[in-house]
Structure formats: C-alpha cells, structure tokens
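Structure assessment
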Amino acid sequence: MSLHSTLKTAEFAFGQSSNQPPILENYNLFASDAALQTAVEVNGGAWNNEHARKFGEILGKGETLELGNTANANTPVLNTHDRFGNRLDAVEYHPAYHALMRIGIENETHSLSWTSEKNGAYVARSALAFLKQQVDEGTNCPLTMTFAVVPSLQIEPEIAREWLPRVLSNEYDPRFIPAPEKRGATFGMAMTEPQGGSDVRANLTFAVKLNETGAYTITGRKWFCSAPMCDAFLVLAQTAKGIGCFLLPRFKPDGTKNAFYIQRLKDKLGNKSNASSEVEFHECYANIIGEEGRGVANIMEMVRHTRLDCAVGSAGTLRRAVAESLHHCAYRSAFGKLLIDQPLMRNLLADLAIESEAATALALRLAKGFDESKTSNEARIFTRIATATGKFWICKRAVFAVSEAMEILGGNGYVETSVLPRLYRDVPVNSIWEGSGNVQCLDVLRAMHKEKESVEVLLNEIKSAVGANSDFDFFVRNVEDELRDTDNLEFRARRVVEKLALALQASVLLRNAPAFIGDAFCNSRLLDNCSSFGTLPTGVDTEKIINRAMPGKMENG
Ligand SMILES: Cc1cc2nc3c(=O)[nH]c(=O)nc-3n(C[C@H](O)[C@H](O)[C@H](O)COP(=O)(O)OP(=O)(O)OC[C@H]3O[C@@H](n4cnc5c(N)ncnc54)[C@H](O)[C@@H]3O)c2cc1C
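Here goes a summary of the coordinates provided. Quick caveat: nothing in here was measured; it's all calculated off a predicted structure. (Residues numbered from 1 in each chain as written. Predicted model: local features only at pLDDT ≥ 70, side-chain atom pairs only at ≥ 80, totals over all residues. Heavy atoms only, no water.)

**Here we look at the overall build of the chain**
Within the chain, the regular secondary structure consists of 21 helices and 11 strands. Here the chain has a C-alpha radius of gyration of 24 Å; the compact-globule value for 557 residues is 24 Å, and the two agree. Each principal axis of the C-alpha atoms in the chain carries an extent, and together these give about 90 × 70 × 40 Å. Across the 557 residues that make up the chain, the buried fraction comes to 58%. Taking the intrachain contacts of the chain between residues at least 6 apart in sequence as the baseline, contacts between residues at least 24 apart amount to 73%. Of the roughly 23,500 Å² that the chain leaves accessible, carbon and sulfur atoms contribute 52%. Of the charged side chains in the chain, 60 are positive and 67 negative; the average position of the first set lies 2 Å away from that of the second. (Helix = DSSP H or I, 4+ residues; strand = E, 2+ residues; numbered from the N terminus. Rg over C-alpha atoms; globule rule 2.2 N^0.38 Å. Buried < 20%, exposed > 50% of the residue type's maximum accessible area, 1.4 Å probe, protein only. Contact = heavy atoms within 4.5 Å. Areas by Shrake-Rupley, 256 points an atom, 1.4 Å probe, with all protein chains shown as cover. Lys, Arg positive; Asp, Glu negative; His and termini not counted. Charge placed at Lys NZ, Arg CZ, Asp CG, Glu CD.)

**Digging into the pattern of salt bridges**
Tallied over the full model, the rule gives 34 salt bridges. Between aspartate 371 and lysine 374 there is a salt bridge, and its shortest N-O distance comes to 3.8 Å. In this structure, arginine 495 and glutamate 482 form a salt bridge, with 3.2 Å as the shortest nitrogen-oxygen distance. Here glutamate 482 lies in helix H18 (residues 470-484) and arginine 495 lies in helix H19 (residues 493-512), a separation of 13 residues in the sequence. (Salt bridge = Lys/Arg side-chain N within 4 Å of Asp/Glu carboxyl O.)

**Side note on helix H13 (residues 377-408)**
Given a rise of 1.5 Å per residue, 32 residues ought to cover 46 Å, and the 45 Å separating the end C-alpha atoms of H13 matches this to within 8%. A bend of about 25° at alanine 386 is the largest found in H13. (Expected span 1.5 Å × (residues − 1). Bend = angle between axes of the 7 residues up to and from the residue.)

**Considering the site of the ligand**
In the vicinity of the ligand there are 19 residues, among which Met189, Met191, Thr192, Ser198 and Ser226 approach most closely. In this structure, serine 226 approaches the ligand through a main-chain N or O atom, which is 2.7 Å from an oxygen atom. Burial of the ligand by the surrounding chains reaches 66%, relative to a free accessible area of 980 Å². Looking at the shell around the ligand, the elements that each hand over two or more residues are strand S3 (187-190), strand S5 (215-226), helix H15 (429-432) and helix H16 (437-450). Its residues placed into classes, the shell around the ligand shows 10 nonpolar, seven polar and two charged. (Near = heavy atom within 4 Å. Polar contact = N/O pair within 3.5 Å; in protein donor to acceptor, adjacent residues only side chain to side chain. Nonpolar A, V, L, I, M, F, W, Y, C, P; charged D, E, K, R; others polar.)

**Some words on the pairing of S3**
Alternating residues of S3 divide into Phe187 and Met189 and Gly188 and Ala190, and every residue in both groups is buried. Pairing of S3 with strand S6 (residues 232-239) involves four bridges; the strand directions are parallel. Note on S6: the bridge partner recorded for glycine 188 is phenylalanine 233. (Pairing = 2+ DSSP bridges.)

**Some thoughts on the side chain of arginine 250**
Its location among the elements puts arginine 250 in the loop between strand S7 (242-249) and strand S8 (260-265). Although arginine 250 is buried, it forms no salt bridge, and the closest oppositely charged side chain is aspartate 89 at an N-O distance of 5.3 Å. Within polar-contact distance, the side chain of arginine 250 engages the backbone oxygen of proline 228 at 2.8 Å.

**Quick look at the side chain of aspartate 309**
On the secondary structure map, aspartate 309 appears in helix H11 (residues 295-331). When its relative accessible area of 7% is taken as the criterion, aspartate 309 is described as buried. There is a polar contact of 2.4 Å between the side chain of aspartate 309 and the side chain of arginine 125.

**Digging into the packing of helix H12 (residues 343-373) against helix H21 (residues 542-549)**
At a minimum axis distance of 9 Å, the contact between H12 and H21 shows a crossing angle of 55°. Classified by the interaxial angle, the pair formed by H12 and H21 is oblique. By crossing handedness, the relation of H12 to H21 is classed as left-handed. Contacts from Arg346, Leu349, Ala350, Ala353, Ile354 and Glu357 of H12 reach H21 at Thr542, Glu543, Ile545, Ile546, Arg548 and Ala549. For the contact of H12 with H21, the class distribution of residues is seven nonpolar, one polar and four charged. (Axes fitted to C-alpha atoms, helices over the stretch in contact; angles between N-to-C directions. Parallel < 35°, antiparallel > 145°, perpendicular 65-115°, else oblique. Left-handed = near helix turned anticlockwise from the far one by under 90°.)

The following block contains the structure:
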C-alpha cells in the first residue's frame, strides 16, 4: 500500500464526520443569556429570576428542544366530520404540541403578569415568553392570546368572574370538553374576514341580540382564526349600533357544541405546529363584551397585548438564531481557522449579537411600560406609541437577521435538521399579524395625533441618554428635525418610525447595556449607511460582544 492511500484511508472514518459542531442542547436558555438578564434586571423583573432560571434549564434540555422539532414536523390535522357524517370540527395535534402547551401553562407564560402583584410582573412574564419562543413559536400563539385576553374580559365583571379563574389556571387539559370538567381555558381571537383584515370595520359577520342579559347569536365567516381548539374566542361582529366585541365559546352554557365550523386549515409558510383556520359561525351563542359599537375599542386591549408579544417573540426567535450561529462558529473551521476567529465572521457575529441585544432590550422596556401604565398616565402614553414603534422595527429587523444567522451555518443552515429553516419560516409572521408594518406606522401617527404629548414623552425617554455617545446626540437632532416636518407625514411614516425605533433602541442600550454594546450599536446603525449585517466599523470590541452573547452549557450538568 502506498503512503498516499494510507493517508486517504486514515482521513476517512466512514460513517463519522469531522469538523461538524455538536448539537446545541442541554444549556440553560436564561442563565446563558446575559442580554436577557440585563434587560430583566433593569426593567424590574429580576425577582422572578429563580423561576426563569429553572424554566431556561427545562427549555434548553435536548428532549425539550426536540419537542419543538417534533411539533413542527407533525402538523395539525383537521377532522371536520366523524365517519357517520356528523360534524366534529376538531383539530388533532401531535402529543409534542400538547407537551409544549403544558410546559408553557405550568410555567405561567400566559398568566404571571396577572397573578403576581409585584412590580415588574409584565417584564418577568415577557422573559418567560421570550424563552419559550425559542423552543417553539406555534404554541406561543394560543399562550399569547390567553395572556392578552384578560383586560378585555375584565370589561365585563360577570364574564371575568366566570372565565378568569380558568384563563389564569396553571392546569393544561387538552380535552375538547366543556366546563366544569375542564378547568383551565385557552383563548383565541377572530377578527379577520376575507374582505377586511386591517380594516375590521368592513366585517360582515353579524350578531343578533337574544335577550337583555348580553346573550347574542353570531353568524358569519372568519378568514383567519388561529388555534381553533381554544375554549373560547373574542370575535368582532356587526350589531345595530356598529361593531361589537363578543366572547364566543366552543361550548354553549348547556354544554352542547356551538355551530363553530372549521372549514379548513391554512397551509402556512411557517408557524407549523400551530393550526390557523377558516371558520364559519352558524348562529353561535355568544356574550357581548362592553357595548354595541365599542367592539374595536374593546378588542384593542387584547391586541395591544398581543403586539407586545410579537416584539418579545421576534426578539426570542432572533436570540435562538444568533445562539445557533455563534455555537456553530465556535466549532467549525474553514481555511485553517475556527470561523469564530476569522475577522469577517467576527464582524458578522458581533453585528447580529448587537441586533439581538437591541431587540431584547427594547422588547423588555416595552413590557416595563405595561407595568408602569397601571399607575402612570405618562407611562401609558409612552407605551402606546412605543409598542407600535417597537413591534414594527423588532419584527422587521428579525426577518433579515435570522436569514443572516442561517447563512452563517453554511449549507447546514439551509437543511431542516438544523433549526434555522424553521426559525426563518416562523419569523415573518410577527410582522404580519396583529397589524402589519404599515398599520403599525400609521398607529404611531394616530397616537401622535390623538395624544399630543406622545412625541414629547417618547423624546424625553430617548433624550435621557444624550451625552453618552456623540453619534447618538447627532442622530437625536436628526430625529427631531424629521418630526418637526409635518408635511406628507403618512407617506413618510416608515421613515419616521424607523428613526424613532433606532433612537429608542440606542437610548435603552446606552443607559442599560455595557458601553461596548451601546457604542457599537450607535456607531454602526445611526449615521453609517451600510445596510447589511457584518458591516461594523473598525474599533468595535467584537471579542467582548461575542463572549457576552455566546450560549453556555447547563450550569450543573
Ligand atoms: C398565520 C396567521 C395567523 C393569523 N391568525 C389570526 C387570528 O387568529 N385571528 C385574526 O383575527 N386574524 C388572524 N390573522 C390575520 C392577520 O391578523 C391579518 O392577515 C393581518 O392583520 C393583515 O390583514 P389582511 O390580511 O386583511 O391584509 P390587509 O388588511 O389587506 O393588508 C394588506 C397590506 O396592506 C397594508 N395596509 C393596510 N392598510 C393600509 C393603509 N391604510 N395604508 C398603507 N398600507 C396599508 C398592510 O400593512 C398590509 O401590508 C392571521 C394571519 C396569519 C398570517
């Protein structure tokens, strides 16, 4: 045998690959995320850290991460009828879906903001939702809607008395049965119709009053209704006085099924573990929430909360993508060096890590705004405008950033067995539902118009970091000029909101994150014109940024 063929044989250990990273698993999603810990701490949610740490450990286990893969590979199936032709209208989920729902509910991802009276309860809950999102986005949809429905239910004391104990329960029961045997309850929402989504005033679904106790029947059709196996839904329908908001349960008070017909499931780009359906209501029993004609205002309470979760969720997905890409580069070599040691890759990794921290920091700052809005009108005004601003920007940036994270894994990143294709498919939905990008920007203008103090309150928060970075100071003056110009504001809405979002993220980072993060954000995003990731200017401390973002191993195992 020649020397050449001996070498060849030694290089090939058939059935084994070299230079491939181990799976990123068995690490604590909370304990190894310094950016999240900082954001929780500065926004007042650190009292729940022990819980978040335990939850982060559960979620980071290989078996839990695998539940996310399994629930998305085995998509829900709709059974419209039984074998005899009777309507069933039941969606069958893989057991992994139910396991993830149980983990989410038992860990209070749907309830902590309401069950804890401590300051920072929204922040603490948002951190849990952020962590859970990293394992599976689909189950976060019903968990978010169940969290978000609470303020709308509170509008009607009798409805709140009946439903809140079930909504806030930590018991997950997947059976399709009525109360009282079923104790917990999940909620969905059905607003969108074929002829109008953003413009819900175009809704044709109508309500007929049954009596003076608030009971109605609802007839109509909804074009999108996610998680249709929820126990009840907030539904918009026309009344004699305009649109009303209704609680429509799957089971009527006498325990029989409402004629809630699931016509088909949507074949979606991503968000695969979750079912999204088209439904018809055939004289379904429902109860009104608030007054006829006040439906949009009353469901908006729920929508405001789901918008917060869109921002939190996109930040969570981005964190998972960045963790995967950092991990990959710590193990994979090319051209004689680990990828993580290649200067251009360091630039890209650090740039994505900054984006991820900026998203996390702003999402949790918004959550703090919800906490403070309970007692402060100024906080309420800030949160109204900042949530639309943050939802627009965080959800949009995450789409680009996740695609870069996928590219960092090279060919592996495009293959389903890495989680990146799933994250890439999942992430755009947060930008579309609960008010798409333009709708968010128009909502910022609406807030400016309706509450004149909005701009001042938002600018006050932004300007509290003035003096910390000269690029930032210059940029803030630029934002103020942009706002002073009131011509063609609707046409310029994205431009205005993008600048506001950047200024807000910069301000939050300069005040709360380490200086090497805040300065790198300002020096790369505010005055520089580069638009792809991996374009940090020289002088940025990539080592510190990468070390801060690197996902660690489980602390005790
Ligand atoms: C996976 C998935 C699940 C969903 N689940 C639910 C659910 O459970 N319940 C529910 O009610 N809905 C649900 N939706 C619907 C979703 O909320 C709507 O699709 C979304 O609000 C947009 O409405 P639309 O599709 O009717 O688009 P349109 O309202 O027609 O909007 C189309 C585009 O026009 C833009 N636009 C609208 N108005 C203006 C304007 N004045 N100026 C400039 N641009 C404008 C929008 O930003 C958007 O980009 C779901 C959607 C998806 C994708």
